[in-house]
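Overview (structure and organization)
What follows is the residue order along each chain.
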Amino acid sequence: METLFRIDGQILLWIQENIRQDWMTPFWEFITSLGDKGWFWIALSLCLIIPKKTRNAGIAALLSIAVGALFTNAILKELIARTRPYEVVEGLQALIPGPKDFSFPSGHTCASFSAAFTYYRTLPRRYGCILIVLAVLIAFSRLYVGVHYPTDILGGLLIGFAASKIVQAGQHLLEKGDQEKSRFSN
């Protein structure tokens, strides 16, 4: 495990030394802000609830975000209690004010991928693909600004995927129940 943590820190230092550029930093700070408290994904979901055609997609995304947040923020962050990288990786400088909660898993990444995976399966593919790309950008931004380890990002992505699948399974059960109910009422 110590080797994995060392590699995590080395990747962040490599990003800091080889990818960070003054001219790119405002872009990545903006991208990372889209994931703050999941606001972008929540706002998008609320907007999609309004038209009947996209209502189910918006509701499913909100549920996916909630499931992901439950596992990420309420359970795993507190259970694992991983220190943020800028506090322990020598030479790493965070570009934004450091979050006060624990590092693993990434909440920004979890919210982004739980919503994006949901939209990928519920909206036309072109929109789903664009939102997956945005989720990838938000996830990478957390590495760029130095507030998460790569394994935090991977954990957030996996939990986001699982949250989306849990909600999808719940929707299928509800649909199946509705079909059974209408079959017996006829």
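Note: the structure precedes this text.
It should be emphasised that the depicted structure is a prediction, and the values quoted were computed from it without experimental measurement.

Our next topic: the overall build of the chain. Counting its regular elements, the chain contains eight helices and zero strands. With respect to the principal axes defined by its C-alpha atoms, the chain has extents near 70 × 35 × 25 Å. Among the 186 residues that make up the chain, the fraction classed as buried is 43%. When contacts within the chain are restricted to residue pairs at least 6 apart in sequence, those whose partners lie at least 24 apart make up 79%. Total accessible area on the chain stands at roughly 10400 Å², and carbon and sulfur atoms take up 67% of it. For the chain, the centre of its 18 positive side-chain charges and the centre of its 14 negative side-chain charges are spaced 14 Å apart.

Looking now at the environment of Gln21. Residue placement: Gln21 occurs in the loop between α1 (2–18) and α2 (25–33). Put simply, Gln21 and Tyr144 are 123 residues apart on the chain and 10.0 Å apart in space, counted from C-alpha to C-alpha.

We now examine unusual backbone geometry. Along the chain, Phe104 connects to Pro105 via a cis peptide bond; the corresponding omega equals -10°. Within the secondary structure layout, Pro105 lies in the loop between α5 (85–88) and α6 (107–122). The backbone of Ala81 sits at a positive phi, close to 55°, despite the residue not being glycine. Mapped onto the elements of the fold, Ala81 is located in the loop between α4 (55–80) and α5. For Ala81, a relative accessible area of 33% corresponds to the partly exposed category.

Criteria and thresholds
- Residues numbered from 1 in each chain as written.
- Predicted model: local features only at pLDDT ≥ 70, side-chain atom pairs only at ≥ 80, totals over all residues.
- Heavy atoms only, no water.
- Helix = DSSP H or I, 4+ residues; strand = E, 2+ residues; numbered from the N terminus.
- Buried < 20%, exposed > 50% of the residue type's maximum accessible area, 1.4 Å probe, protein only.
- Contact = heavy atoms within 4.5 Å.
- Areas by Shrake-Rupley, 256 points an atom, 1.4 Å probe, with all protein chains shown as cover.
- Lys, Arg positive; Asp, Glu negative; His and termini not counted.
- Charge placed at Lys NZ, Arg CZ, Asp CG, Glu CD.

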